[in-house]
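Working through the structure, step by step
The chain contents come next:
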Amino acid sequence: MIAAKVIDSIWSTRKADSLIGLKFTMVEVLGGIDAGRIIIAADTISAGIGERVLVCTGSSARKMLDREDVPIDAVIVGIIDEDCNF
Amino acid sequence: MIAAKVIDSIWSTRKADSLIGLKFTMVEVLGGIDAGRIIIAADTISAGIGERVLVCTGSSARKMLDREDVPIDAVIVGIIDEDCNF
Amino acid sequence: MIAAKVIDSIWSTRKADSLIGLKFTMVEVLGGIDAGRIIIAADTISAGIGERVLVCTGSSARKMLDREDVPIDAVIVGIIDEDCNF
Amino acid sequence: MIAAKVIDSIWSTRKADSLIGLKFTMVEVLGGIDAGRIIIAADTISAGIGERVLVCTGSSARKMLDREDVPIDAVIVGIIDEDCNF
Amino acid sequence: MIAAKVIDSIWSTRKADSLIGLKFTMVEVLGGIDAGRIIIAADTISAGIGERVLVCTGSSARKMLDREDVPIDAVIVGIIDEDCNF
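In this text the structure is predicted, and so the values were computed from the model without any measurement. (Residues numbered from 1 in each chain as written. Chains lettered and ligands numbered in written order. Predicted model: local features only at pLDDT ≥ 70, side-chain atom pairs only at ≥ 80, totals over all residues. Heavy atoms only, no water.)

**Things to note about the pairing of strand S6 (residues 74–79) of chain E**
Side chains on a regular strand alternate between the two faces of the sheet. Burial runs high along S6(E): six of the six residues are buried. Relative to S6(E), strand S2 (residues 14–15) of chain D is paired through two bridges, and the arrangement is antiparallel. By the bridge assignment, Lys15(D) is partnered in S6(E) with Gly78(E). In this sheet, S6(E) lies alongside strand S4 (residues 38–43) of chain E in parallel orientation, the contact comprising two bridges. Along S6(E), the bridge assignment pairs Ala42(E) with Val75(E). Taken together, the five bridges between strand S5 (residues 52–57) of chain E and S6(E) define a ladder with antiparallel strand orientation. Each bridged residue has a counterpart across the sheet, and for Cys56(E) the counterpart in S6(E) is Val75(E). (Buried < 20%, exposed > 50% of the residue type's maximum accessible area, 1.4 Å probe, protein only. Helix = DSSP H or I, 4+ residues; strand = E, 2+ residues; numbered from the N terminus. Pairing = 2+ DSSP bridges.)

This is the structure we're talking about:
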């Protein structure tokens, strides 16, 4: 997974039918040589702007949803505790 | 997913039979340390040159099509709203 | 796989139900041009801070768990022997 | 997919039985910040040295073959038309 | 696939049960902008230190083994012929 910070919301009206109802957020990778990488992740656990999150990528991202047929490759799987310092 | 901008169309006459009828576009990653990365994505929702899009990569890209047997690893899954600033 | 060093633990209280009970660690890639890359890996074999580990990424990471439905994309699969020099 | 140029052939006599009969080519990524990346791709459509091709990577690469059990992660899926400028 | 050179062996005594009996090697990517990247690959065809090999990554790596349940994401699938110049 990737530790990242939610920095924005992304709105897309014209999109795949299977994505309707999904919230998309822009996250920025935290730490290491990938710091500053931007990923668009689906969010099913209502992370807020500024929160630090765990993002799962690849085929495993689909496991966060009830359905297997959704074309997403990144999803927020957890919110990092505020008092977790790293 | 990746936020990217459609910059060109790609034409390939000699290709896998399963790709016949698919439109291919060249997109450029927007923002972050990957800005400027070039990806060739299949486009089934008719994005235009210059539009900002969401691109799904990896095995999940195949979920955008009706068939599982197509060798694609990147597909446009949505068009980012024009008034979405990031 | 990736050779990495465990550098921290990551705590996430609000997370996917399927992740409850899993331990998450922050690892730093060792050696080569990816040195310093940060990955958050699930840990089911109790690696300690400072230990060098083998991390498996992508869909194969799910093979380390008993269940196929867990949204993880990185997991510690082994601890590199202390007397293994590289 | 990736737009790349075929730059060489790769010969491997000692290899997995399932790879026998497959042709391997070295391709170089064209354009963007990944320009100059080298990938070894299986080629089932007889691309020539110097031709520009579309390369599909990851699990989707296996969809180019008749069999699911072949350990390849990159395959040429199309040849970019000569008069396609980008 | 990736063209790489075997540079070391990796020993791990505490590891996933499903990995017992597998040999792990450290390989260094050859050529292009990824030159110098380090990957730990399973080796089932007895490549020697210094030999140039083809490494398959991702889910396809599991196709090199008889079993589907092994958490590996990189495996040596062939040894590049000594007289293959690139």
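From this point, things continue past the structure.
**Digging into the relation of the copies chain C and chain A**
One copy of the chain maps onto the second through a rotation around an axis plus a translation along that axis. Rotating chain C by 72° and moving it 0.0 Å along the rotation axis overlays it on chain A with an RMSD of 0.0 Å. Such a combination of turn and shift is consistent with a five-fold rotation axis. Comparing interface residues between copies, only 9% of those in chain C also sit at the interface in chain A, which points to a heterologous contact through distinct surfaces. (Least-squares fit on C-alpha atoms with pLDDT ≥ 70 in both. Contact = heavy atoms within 4.5 Å.)

**So, the interface of chain A and chain B**
When the parts of a complex come together, some accessible area is lost, and that lost area is often taken as the interface size. In this assembly, 32 residues from chain A lie in contact with 26 residues from chain B. Summing the contributions of chain A and of chain B, the shared interface buries around 2100 Å²; its carbon and sulfur component is 55%. Of all residues in chain A, Arg14(A), Pro71(A) and Asp73(A) give up the largest surface area on contact with chain B, accounting jointly for 28% of the area buried on that side. Seen at the junction of chain A and chain B, the total is three salt bridges. A salt bridge links Glu51(B) to Arg14(A); its shortest N-O distance comes to 3.6 Å. At the junction of chain A and chain B, the tally comes to 15 residue pairs in polar contact (both at pLDDT 80 or more). (Buried area = accessible area lost by both parts, 1.4 Å probe. Salt bridge = Lys/Arg side-chain N within 4 Å of Asp/Glu carboxyl O. Polar contact = N/O pair within 3.5 Å; in protein donor to acceptor, adjacent residues only side chain to side chain.)

**Section: the pattern of salt bridges**
Residues and elements named next belong to chain B. Here the structure, examined in full by the defined rule, presents 35 salt bridges over all chains. The partner of Asp34 in a salt bridge is Arg37, and the shortest N-O contact between them spans 3.7 Å. The exposure class assigned to Asp34 is buried, which follows from its relative accessible area of 10%. Overall, the relative accessible area of 21% leaves Arg37 in the partly exposed class.

**A word on the pairing of strand S5 (residues 52–57) of chain A**
Pairing between strand S1 (residues 2–10) of chain A and S5(A): four bridges, direction antiparallel. When the sheet's bridge partners are listed, Ala4(A) is paired in S5(A) with Val53(A).

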